[in-house]
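Okay, here's what each chain looks like letter by letter:
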Amino acid sequence: QVQLVESGGGLVQAGESLTLSCTATGATIPINGMGWYRQIPGKEREMVARITDAGTTNYAHSVRGRFTIARDSGKNTVLLQMNNLKPDDTAVYYCYALPYWGTWGQGTQVTVSS
């Protein structure tokens, strides 16, 4: 059973940066894509960024130009570099790994103060 462990969240001020990390362990089927979602209490989880095995990336409109996703395939790790953070980025961030869709880690809290 694959396990996802996210880390790197914290409390920052608007305009500052954070880097999130997520590592998948226990995969018995090769992971071919990873990405990040975020969730605010009471709202649906929304896609933030994703990267395919070939390195193709896709970002939510709200983070394009500020966030960068990167993948270390050899370590089944995905990073999310978040620059120029805004209060609207405050959420719990979760990573996912394909083909293990539906498996989530505990998430990492990102709080951005104005």
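Residues numbered from 1 in each chain as written. Predicted model: local features only at pLDDT ≥ 70, side-chain atom pairs only at ≥ 80, totals over all residues. Heavy atoms only, no water.

Caption draft 1: Seen up close, the nonpolar core. Counting 29 residues, the largest nonpolar core has Trp36, Leu80, Met82 and Tyr93 as the members making the most contacts within it. Counting residues per element, the ones that place at least two in this core are strand 3 (18-25), strand 4 (33-39), strand 5 (46-52), strand 7 (67-72), strand 8 (77-82), strand 9 (91-98) and strand 10 (108-113). (Core = buried A, V, L, I, M, F, W, Y, C linked by side-chain atoms within 4.5 Å. Buried < 20%, exposed > 50% of the residue type's maximum accessible area, 1.4 Å probe, protein only. Helix = DSSP H or I, 4+ residues; strand = E, 2+ residues; numbered from the N terminus.)

Caption draft 2: Fine view of the sheet that holds strand 7. Pairing in this open sheet of four strands is antiparallel, and the strands run 1-3-8-7 from one edge to the other. The open sheet has two edge strands, strand 1 (3-7) and strand 7, and neither has a second partner. Each neighbouring strand pair of the sheet contributes to a mean axis angle of 15°, computed without reference to strand direction. Of the pairings in the sheet, the one linking strand 3 to strand 8 comprises six bridges and is antiparallel in character. What sits directly across from Thr19, in strand 8, is Gln81. (Pairing = 2+ DSSP bridges. Axes fitted to C-alpha atoms, helices over the stretch in contact; angles between N-to-C directions.)

Caption draft 3: Just the state of the cysteines, in detail. For the structure shown, the criterion picks out one disulfide. What pairs with Cys22 in a disulfide is Cys95, and their sulfur atoms sit 1.7 Å apart. Here Cys22, found in strand 3, pairs with Cys95, found in strand 9; they are 73 residues apart in sequence, far enough to count as distant. Residue classification places Cys22 among the buried positions, given a relative accessible area of 0%. By relative accessible area, Cys95 is classed as buried at 0%. (Disulfide = S-S within 2.5 Å.)

Caption draft 4: Representation of the sheet that holds strand 2 (residues 10-13). In space, the six strands of this open sheet follow the order 2-10-9-4-5-6, with mixed pairing throughout. Of all strands in the sheet, those with a lone pairing partner are strand 2 and strand 6 (57-59), marking the two edges. If you compare each strand with its neighbour and ignore which way they point, the axes differ by 20° on average. Looking at chain direction, strand 4 and strand 9 are connected through seven bridges and run antiparallel. Among the inter-strand pairings, Gly33 is bridged to a residue of strand 9, identified as Leu98.

Caption draft 5: Expanded view of the pairing of strand 10. Of the two faces of strand 10, only the one carrying Thr108, Val110 and Val112 is buried; Gln109, Thr111 and Ser113 on the other face are not. Judged from the four bridges that link them, strand 2 and strand 10 form a sheet pairing that is parallel. Its bridge partner lying in strand 10, Leu11 is registered against Thr111. Pairing analysis gives three bridges linking strand 9 to strand 10, with the strands arranged antiparallel. Bridge pairing in strand 10 places Ala91 opposite Val110.

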